[in-house]
Amino acid sequence: MPRFRAILDTMPPYKAGKAVVSSDGRSYKLSSNESPYDPLPSVVEAIAEGARQINRYPDPAAIKLTEAIAERFGVPAEHVALGAGSVTVAQQLFETVSEPGAEVIYAWRSFEAYPLLADLAGVTSVRVPLVNEEHDLDAMAAAITDRTRMIFVCNPNNPTGASIRRQELESFLDRVPGDVLVVLDEAYREYVRDADVPDGLELYRDRPNVAVLRTFSKAYGLAGLRVGYLVAHEPVAAAVRKVIIPFAVNHLAQIAAVASLKAEDELLERVDVVVKERTRVREALLAQGWTVPPTEANFVWLRLGERTLDFAAACAVEGVSVRPFAGEGARVSIGDPDANDAFLKAASEFPRS
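Residues numbered from 1 in each chain as written. Predicted model: local features only at pLDDT ≥ 70, side-chain atom pairs only at ≥ 80, totals over all residues. Heavy atoms only, no water.

**Focus: the packing of helix 1 (residues 41-50) against helix 9 (residues 251-262)**
Right, so step 1: Where helix 1 meets helix 9, the axes come as close as 9 Å, and the angle between the chain directions of the two elements is 150°. It follows that helix 1 is roughly antiparallel to helix 9 by the angle criterion. Of the two elements, helix 1 crosses helix 9, and the hand of that crossing is right-handed. Across the interface between the two elements, Val43, Ala46, Ile47 and Gly50 of helix 1 pack against His251, Leu252, Ile255, Ala256, Ala259 and Ser260 of helix 9.
Right, so step 2: Here the residues of the contact of helix 1 with helix 9 are counted per class, giving 7 nonpolar, 3 polar and no charged. (Axes fitted to C-alpha atoms, helices over the stretch in contact; angles between N-to-C directions. Helix = DSSP H or I, 4+ residues; strand = E, 2+ residues; numbered from the N terminus. Parallel < 35°, antiparallel > 145°, perpendicular 65-115°, else oblique. Left-handed = near helix turned anticlockwise from the far one by under 90°. Contact = heavy atoms within 4.5 Å. Nonpolar A, V, L, I, M, F, W, Y, C, P; charged D, E, K, R; others polar.)

**What about the sheet that holds strand 12 (residues 329-333)?**
One key point about sheets: their strands pair by backbone hydrogen bonds, in either a parallel or an antiparallel sense.
Right, so step 1: Here 3 strands make up an open sheet; going across it, the order is 9-12-11 and the pairing antiparallel. Every other strand in the sheet has two partners, leaving strand 9 (299-303) and strand 11 (323-325) as the edge strands with one partner each. Going from strand to strand, the sheet's axes swing by 15° on average, the running direction of each strand aside.
Right, so step 2: Pairing of strand 9 with strand 12 involves 5 bridges; the strand directions are antiparallel. Across the sheet, Trp301 pairs through a bridge with Arg331, a residue of strand 12. (Pairing = 2+ DSSP bridges.)

**Brief notes about the pattern of salt bridges**
Right, so step 1: What the rule picks out here adds up to 23 salt bridges.
Right, so step 2: A salt bridge links Asp146 to Arg147, with the nearest nitrogen and oxygen atoms 3.8 Å apart.
Right, so step 3: As a salt-bridge pair, Arg214 and Asp199 come within 2.6 Å of each other at their nearest N and O atoms. In this pair, Arg214 is assigned in strand 7 (residues 210-215) and Asp199 in the loop between strand 6 (181-185) and helix 7 (200-203), connecting sequence segments 15 residues apart. (Salt bridge = Lys/Arg side-chain N within 4 Å of Asp/Glu carboxyl O.)

**Points about the nonpolar core**
Right, so step 1: If you look at the biggest cluster of nonpolar residues, it comprises 51 residues, and the most contacted ones within it are Leu65, Ile69, Met140, Ile151, Val153, Phe172 and Phe216.
Right, so step 2: Tallying contributions element by element places helix 9 first for this core, with 6 residues.
Right, so step 3: Formed by 33 residues, the second largest nonpolar core is a distinct cluster that contains Leu30, Leu302, Leu304 and Phe350. (Core = buried A, V, L, I, M, F, W, Y, C linked by side-chain atoms within 4.5 Å. Buried < 20%, exposed > 50% of the residue type's maximum accessible area, 1.4 Å probe, protein only.)

**Details of a nonpolar patch on the surface**
Right, so step 1: A surface patch of nonpolar side chains, about 510 Å² in accessible area, is lined by Met1, Phe4, Leu8 and Leu120.
Right, so step 2: Structurally, Phe4 is set in the segment before strand 1 (28-29).
Right, so step 3: Phe4 sits in the exposed class, given a relative accessible area of 61%. (Patch = residues over 30% accessible without salt bridge, like charges linked within 9 Å, V, L, I, M, F, W, Y side chains within 5 Å. Areas by Shrake-Rupley, 256 points an atom, 1.4 Å probe, with all protein chains shown as cover.)

**With respect to the pairing of strand 7**
Right, so step 1: A large share of strand 7 lies buried, amounting to 6 of its 6 residues.
Right, so step 2: Every second residue of strand 7 is oriented toward a common face, with Val210, Val212 and Arg214 on one face and Ala211, Leu213 and Thr215 on the other, all of them buried.
Right, so step 3: Pairing of strand 6 with strand 7 involves 4 bridges; the strand directions are parallel. Among the inter-strand pairings, Val182 is bridged to a residue of strand 7, identified as Val210.
Right, so step 4: Both strand 7 and strand 8 (residues 228-231) contribute to a ladder of 4 bridges, which runs antiparallel.

Structure representation (structure tokens):
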């Protein structure tokens, strides 16, 4: 029998969002924070044309995509690093700081991949509990030791949707030692409408120890192609590029991401529709008597405790899949109006206590 790393015996596998089907055949997947819309025609056309070259390896440096991201956000190309989805870029970040005794701080609950990536990298997780569904930045700053190598700040936070405001985030960054990397995980940045929630790309420019992590999976609707990127000062970006698997971002993914940036105005119109639906869904839930934290992402969060799995089952009866975290709560993505209506119906019929 082959011998494997002992950590694998205690690691739970990552659980992807699942689809369910009601008795009358309805199915609304609101468990994975995906865009509810099909790819734009111009993006599909670019992918179709690019398919003619899939007998060739992709550009390992993804030069066209790197330059397109740099131009779009007004940053040097040397500050951009790519990966197969932002979760893979996060994995690359863990690899850059991994060494015996190293610690990585993050809020909990936050993005569920953080502890898995930390365990795989062999670093020690330091989980700081949320307070009122939000990051406790004072406690996170107090948790920093000489063993701390990296801090993840998910803003807006997944799965609670809560966001950190500019003054408190800047104050926190001022307290972090310069040799500790702070990663602002902004997978849902395009959905933010609160002007007081800072853009990490503004904060990183004068802070060499701050990196910004983003993705094409959510607002850009490319979840199936896996493209994520990091923007950081050259020493950080260079370290992340060193640990990338060769050809990690495939040929079609590179083409689709470039095409999506070109069609960004049209894509962001769709984002506006999702934001309006987000407001409608949250207001309807509040009217039903639910407690729903303000959210700047493309999902809402319900703290359900021990009733979480029962709630998920009730939603499944209506053909709606949500993302339950047993004993804690459920995250529900914002879909199209029909999907949202089906969810609201299930929520209205579920007892509040």
